[in-house]
Structure formats: C-alpha cells, structure tokens
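Residue-level listing of the chains:
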Amino acid sequence: MSRQEVPRSGFVGMGGLACLLFLQLGTATLAPWWVTASLVVLWLVLLGLSVRWFVPHPRRLPWLVVGGVAVWAAVLPLGARLGAW
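Okay, so let's go over this structure. (Residues numbered from 1 in each chain as written. Predicted model: local features only at pLDDT ≥ 70, side-chain atom pairs only at ≥ 80, totals over all residues. Heavy atoms only, no water.)

1. Comments concerning the overall build of the protein chain
Item 1. Scanning the protein chain from N- to C-terminus turns up 3 helices and 0 strands.
Item 2. What you see for the protein chain is a C-alpha radius of gyration of 15 Å, clearly larger than the 12 Å of a compact globule of 85 residues, by over 25%.
Item 3. Dimensions of the protein chain, computed from the C-alpha atoms along their principal axes, are close to 60 × 15 × 15 Å.
Item 4. A separation of at least 24 residues holds for 62% of the contacts in the protein chain among residues at least 6 apart in sequence.
Item 5. Working note: accessible area of the protein chain is about 6000 Å², and carbon and sulfur atoms make up 71% of it. (Helix = DSSP H or I, 4+ residues; strand = E, 2+ residues; numbered from the N terminus. Rg over C-alpha atoms; globule rule 2.2 N^0.38 Å. Contact = heavy atoms within 4.5 Å. Areas by Shrake-Rupley, 256 points an atom, 1.4 Å probe, with all protein chains shown as cover.)

Okay, here's the thing in structure tokens:
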C-alpha cells in the first residue's frame, strides 16, 4: 500500500487565513464598524472557498490569503485618505 503525500500548502493557507482574521478584526480600532464587518464578510467568503478547495486544489489556498491581505492593505490607507478615519 502506498501513501499519497499531502501538500503542505493547504495547511499553510488555512493558517494564513487564521492570521488574516486577526488582522481584519484589529481594524476595528482604526476604521468604522462597517469596514470591519465588510472585511469579516470577505474573510467568511475566503474561508468557504478554502474549505471547498482544501482537498482538490490545496496549492491555491495561500493565494487566497495573499489576496485577502492585499485587500486589507489597500482598504486601510484608502479609507484613511478618502474617509478621514
């Protein structure tokens, strides 16, 4: 019986998603509540997508985290500049 090697990228992506949640929840101290709520909704969408892709496409999960961090990093300066948080 041969064992199939499990790609680590799925676990890295899930760990990164957990870190992303803490980043987004920390936004509550800097931005209005609706920005934090919108970011958490985005995180829930990314979580659902990552759970769905965990077995068939584990190498995509870290890219979901990169995209989530990119959105978070773009929202904060943009909101500070335009919304005067």
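Moving on from the coordinates now.
2. Some words on the side chain of threonine 27
Item 1. Positionally, threonine 27 belongs in the loop between helix H1 (9-26) and helix H2 (33-53).
Item 2. Apart from the residues within four sequence positions on either side, threonine 27 is in contact with Val35, Thr36, Leu39, Trp72 and Leu76.

3. Here we look at H2
Item 1. Relative to the 30 Å expected for 21 residues at 1.5 Å per residue, H2 spans 30 Å between its end C-alpha atoms, a close match to the ideal helical length.
Item 2. Residues of H2 that are buried: Val35, Thr36, Leu39, Trp43, Leu46 and Ser50. Along the axis of H2, the buried residues cluster in a sector spanning 90°; they form a single face. Exposed residues lying more than 90 degrees from the buried face of H2 are Trp33, Val41, Val45, Val51 and Arg52.
Item 3. The secondary structure elements touched by the buried residues of H2 are H1 and helix H3 (61-83). (Expected span 1.5 Å × (residues − 1). Buried < 20%, exposed > 50% of the residue type's maximum accessible area, 1.4 Å probe, protein only. Arc of directions from axis to C-beta.)

4. Looking at the packing of H1 against H3
Item 1. Where H1 contacts H3, the axes come no closer than 7 Å and their chain directions differ by 20°. One element, H1, and the other, H3, form an angle in the roughly parallel class. Like other packed secondary-structure pairs, H1 and H3 cross with a definite hand, here left-handed. Side by side, H1 and H3 meet where Ser9, Gly10, Gly13, Met14, Gly16, Leu17, Leu20, Leu23 and Gln24 of the first sit next to Leu61, Pro62, Val65, Gly68, Val69 and Trp72 of the second.
Item 2. Among the residues forming the contact of H1 with H3, the class breakdown is 9 nonpolar, 6 polar and no charged. (Axes fitted to C-alpha atoms, helices over the stretch in contact; angles between N-to-C directions. Parallel < 35°, antiparallel > 145°, perpendicular 65-115°, else oblique. Left-handed = near helix turned anticlockwise from the far one by under 90°. Nonpolar A, V, L, I, M, F, W, Y, C, P; charged D, E, K, R; others polar.)

5. Remarks on the nonpolar core
Item 1. Counting 6 residues, the largest nonpolar core is built from Leu17, Leu20, Trp43, Leu46, Leu64 and Val65.
Item 2. Of all the secondary structure elements, the ones that give two or more residues to this core are H1, H2 and H3.
Item 3. Among the nonpolar cores identified, the runner-up in size contains 5 residues, and Ala31, Val35, Leu39 and Leu76 belong to it. (Core = buried A, V, L, I, M, F, W, Y, C linked by side-chain atoms within 4.5 Å.)

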